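Per-entry structural report
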Amino acid sequence: MNEQPTRPGPAAPEPAAPEAPAPAPAPVRFDTKIAVLLREDLETWQRLNVTAFLVSGLGTTVPEVVGEPYADADDVSYLPMFRQPVLVFEGTKETLAAAHGRALSRALPRALFTTDLFATGNDRDNRAAVRAVRTSGLDLAGLAVYGPRNAVDKVMKGARMHP
């Protein structure tokens, strides 16, 4: 038999090197802060209620804190939420009064919840209950503030993160 020399065929392609994972995006660091301060002696249901009421004031008055609407993979739409975390703190009645004074002196956007509001059941009565008391006499149950990170940190001085 006459053997023909075989020609080498094209070289098999080299296996592709595994792709290096894409670098993780840099963490987002906000120049601003949203913080809620609750009085430490509130019942659990009161803490939740006060927090919800307080942050609702910020979202309606400070539009830059609200992000874009959400949608899931089935294209079901959801309401927009805050674009950054809300930090929740707690402190004594005195800590809350001091924070309120600092928020006022820095003219930060703020929302308040007084203990009188636990006895009302609607917005009109809530506003009347706050209007009836001088600033220095407000019996604060909670305070929410928004502003530059360092200013909010100074307002929250003496408070501790909520457990």
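The paragraphs below set out a description of the structure included in this document. (Residues numbered from 1 in each chain as written. Predicted model: local features only at pLDDT ≥ 70, side-chain atom pairs only at ≥ 80, totals over all residues. Heavy atoms only, no water.)

1. Overview of the overall build of the protein
- On a plain count of helices and strands, the protein comes out with four helices and seven strands.
- Put simply, the protein runs from its N terminus to its C terminus through helices and strands in the order β-α-β-β-β-α-β-α-β-α-β.
- Burial statistics for the protein: of 163 residues in total, 30% are counted as buried.
- Long-range contacts, defined as pairs at least 24 residues apart, comprise 75% of the intrachain contacts of the protein with a sequence gap of at least 6.
- Accessible surface for the protein amounts to roughly 11400 Å². Of this, 57% is attributable to carbon and sulfur atoms. (Helix = DSSP H or I, 4+ residues; strand = E, 2+ residues; numbered from the N terminus. Buried < 20%, exposed > 50% of the residue type's maximum accessible area, 1.4 Å probe, protein only. Contact = heavy atoms within 4.5 Å. Areas by Shrake-Rupley, 256 points an atom, 1.4 Å probe, with all protein chains shown as cover.)

2. Let's talk about the sheet that holds strand β1 (residues 32-39)
- Taken in spatial order, the five strands line up as β5-β6-β1-β4-β7 in an open sheet, and their pairing is mixed. Strands at the two margins of the open sheet, each flanked by one partner only, are β5 (110-114) and β7 (160-161).
- Here β5 runs beside strand β6 (residues 140-148); their pairing, made up of five bridges, is antiparallel. Residue leucine 112 lies in a different strand from β6, and its bridge partner there is leucine 143.
- Relative to β6, helix α2 (residues 93-105) is tilted by about 35°, and along the sheet it contacts β1, β4 (86-91), β5 and β6. (Pairing = 2+ DSSP bridges. Axes fitted to C-alpha atoms, helices over the stretch in contact; angles between N-to-C directions.)

3. A short note on the packing of aromatic side chains
- Counted under the stated rule, the structure contains three aromatic pairs.
- When the ring of phenylalanine 113 is compared with that of phenylalanine 118, the centres are 5.0 Å apart and the planes differ by 50°; the resulting orientation is tilted.
- Looking at phenylalanine 113, the relative accessible area reads 3%, which means it is buried.
- For phenylalanine 118, a relative accessible area of 24% corresponds to the partly exposed category.
- Through a chain of ring-to-ring contacts, the aromatic side chains of Trp45, Phe53, Phe113 and Phe118 assemble into a single cluster. (Phe/Tyr/Trp six-rings, centres within 6.5 Å; stacked < 30°, edge-to-face > 60°.)

4. Focus on the nonpolar core
- Counting residues in hydrophobic clusters, the biggest one holds 17 residues, and the most contacted among them are Val36, Val50, Leu54, Phe113, Ala144 and Tyr146.
- If you list the elements that add at least two residues to this core, you get β1, α1 (44-61), β5 and β6.
- Among the elements that make up this core, the one with the highest residue count is α1 (four residues).
- Beyond its immediate sequence surroundings of up to four residues, valine 50 is in contact with Leu38, Leu42, Phe113, Phe118, Ala141 and Gly142.
- Counting residues in each nonpolar core, the second largest holds 16 residues, with Ala99, Val152, Met156 and Ala159 among its members. (Core = buried A, V, L, I, M, F, W, Y, C linked by side-chain atoms within 4.5 Å.)

5. Points about the environment of valine 62
- Checked against the element boundaries, valine 62 lands in the loop between α1 and β2 (70-71).
- For valine 62, a relative accessible area of 7% puts it in the buried group.
- Note: C-alpha distance between valine 62 and tyrosine 146 (84 residues apart in sequence) is 8.5 Å.
- Here valine 62 is in contact with Pro109 and Tyr146, once residues within four sequence places are set aside.

6. Here's the deal with a nonpolar patch on the surface
- A cluster of nonpolar residues, Tyr70, Val76, Tyr78 and Met81, forms a patch on the protein surface that exposes about 400 Å² of accessible area.
- Tracing the backbone through its elements, the reader meets valine 76 in the loop between β2 and β3 (77-78). (Patch = residues over 30% accessible without salt bridge, like charges linked within 9 Å, V, L, I, M, F, W, Y side chains within 5 Å. Salt bridge = Lys/Arg side-chain N within 4 Å of Asp/Glu carboxyl O.)

7. Things to note about the environment of threonine 51
- Topologically, threonine 51 is positioned in helix α1.
- Sequence separation of threonine 51 and alanine 141 is 90 residues, and the distance between their C-alpha atoms is 9.9 Å.
- The contact partners of threonine 51, leaving out residues within four places of it in the chain, are Val36 and Leu38.

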